Amino acid sequence: MSDTIAFLCPLPPPELHSNPKTWRTDRSGKKRRVPPHWTEKVKAKQAYSERVYVQWAVHSAIHAAETHGELFGVPWKRARIIYEWRYCGNAPDEQNLGANLKALTDILCMAPNNGLQTNNTTYLGLVEDDKGLEPEYRLTRVAHRTDEGVYVTLVRL
């Protein structure tokens, strides 16, 4: 079984960023920048988790073909995770990368087992809990928007 998993995920939608702002009209009729409603964030996380799952399924199929059916096995207890944010245009604030990738971190881990969360988010279950992750964040500029994404590398500890 491999001790490294690496694949490209799409960038998180703006609703899941640490400081998202959208234009809304308030009761007085003025347009203001306000954070998205929590329901918008939940829907964005659900849709994003499905997109990440599709990328993971493609990676898993390629991996299985290359290794003659070897699977990744049970969730890891601990791992180093390297997030490489690939962007085109203006660079994101490097200080916000961890918060911007929180949803992706949750999606890579097992679903919470607290009986409270039933939000239809798809979890990959690669790592048992995000407490067992040692994150590292990198920025890489790419030439085209089609090359944008978050390249995730998990290394078992």
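Residues numbered from 1 in each chain as written. Predicted model: local features only at pLDDT ≥ 70, side-chain atom pairs only at ≥ 80, totals over all residues. Heavy atoms only, no water.

### A short note on the overall build of the chain
Each helix and strand counted, the chain has 3 helices and 6 strands in total. Starting at the N terminus and ending at the C terminus, the chain contains elements arranged as β-β-β-α-β-α-α-β-β. Here the chain displays about 9,700 Å² of accessible surface, and carbon together with sulfur accounts for 52% of that area. (Helix = DSSP H or I, 4+ residues; strand = E, 2+ residues; numbered from the N terminus. Areas by Shrake-Rupley, 256 points an atom, 1.4 Å probe, with all protein chains shown as cover.)

### Here's the deal with a nonpolar patch on the surface
Side chains of Tyr 53, Val 54, Val 58 and Ile 62 sit close together on the surface and give an oily, nonpolar patch of about 360 Å² of accessible area. For Ile 62, the position within the fold is in helix α1 (residues 38-66). (Patch = residues over 30% accessible without salt bridge, like charges linked within 9 Å, V, L, I, M, F, W, Y side chains within 5 Å. Salt bridge = Lys/Arg side-chain N within 4 Å of Asp/Glu carboxyl O.)

### A short note on the confidence of the model for the chain
Taken over all residues, the pLDDT of the chain has a mean of 85, while the share at 70 or more is 85%. Here strand β2 (residues 22-25) stands out as the element of the chain with the lowest mean pLDDT, 66, in contrast to strand β4 (residues 79-87), whose mean of 96 is the highest. (pLDDT = per-residue confidence, 0-100.)

### Examining the environment of Cys 109
Here Cys 109 lies in the loop between α3 (102-108) and β5 (133-141). For Cys 109, a relative accessible area of 3% corresponds to the buried category. Through-space distance from the C-alpha of Cys 109 to that of Val 127 is 4.7 Å; in sequence the pair is 18 residues apart. Excluding residues within four positions of it along the chain, Cys 109 makes contact with Tyr 123, Leu 124, Gly 125, Val 127, Asp 129, Asp 130 and Leu 133. (Buried < 20%, exposed > 50% of the residue type's maximum accessible area, 1.4 Å probe, protein only. Contact = heavy atoms within 4.5 Å.)

### Considering the environment of Lys 77
Among the structural elements, Lys 77 can be located in the loop between α1 and β4. Between the alpha carbons of Lys 77 and Gly 132 there is a distance of 6.0 Å; along the sequence they are 55 residues apart. Ignoring any residue separated from it by four or fewer positions in sequence, one finds Lys 77 in contact with Val 127, Glu 128 and Gly 132. Only 3.2 Å separates the side chain of Lys 77 from the side chain of Glu 128, close enough to count as a polar contact. (Polar contact = N/O pair within 3.5 Å; in protein donor to acceptor, adjacent residues only side chain to side chain.)

### Notes on the nonpolar core
Ranked by size, the top nonpolar core spans 28 residues in total, and within it Leu 104, Leu 108, Leu 126, Val 152 and Leu 154 carry the most contacts. Listed by contribution, the elements that provide at least two residues to this core are β1 (4-9), α1, β4, α3 and β6 (149-156). It is β4 that contributes the most residues to this core, 5 residues altogether. In contact with Leu 108, other than residues within four places in its own chain, are Phe 7, Ile 81, Tyr 83, Leu 124, Gly 125, Leu 126, Val 127 and Val 152. (Core = buried A, V, L, I, M, F, W, Y, C linked by side-chain atoms within 4.5 Å.)

### Considerations on the side chain of Thr 121
Mapped onto the elements, Thr 121 comes out in the loop between α3 and β5. Setting aside residues no more than four positions away along its own chain, Thr 121 makes contact with Lys 45, Gln 46, Ser 49 and Ile 107.

### Some details on the packing of aromatic side chains
A full pass over the atoms with the stated rule returns 2 aromatic pairs. For the ring pair Tyr 83 and Tyr 137, a centre distance of 5.5 Å and an interplane angle of 5 degrees mean the geometry is stacked. Linking Tyr 83 in strand β4 with Tyr 137 in strand β5, this pair joins segments that are 54 residues apart in sequence. Accessibility expressed as a relative area gives 30% for Tyr 137, which makes it partly exposed. (Phe/Tyr/Trp six-rings, centres within 6.5 Å; stacked < 30°, edge-to-face > 60°.)

### Here's the deal with the sheet that holds β1
If you trace the 4 strands from one edge of the open sheet to the other, you get β1-β6-β4-β5, paired in mixed fashion. Each edge of the sheet is formed by a strand with only one pairing partner; in this case those strands are β1 and β5. Recorded for the sheet is a direction-independent mean angle of 15 degrees between the axes of neighbouring strands. As paired strands, β4 and β6 are joined by 8 bridges and run antiparallel to one another. (Pairing = 2+ DSSP bridges. Axes fitted to C-alpha atoms, helices over the stretch in contact; angles between N-to-C directions.)

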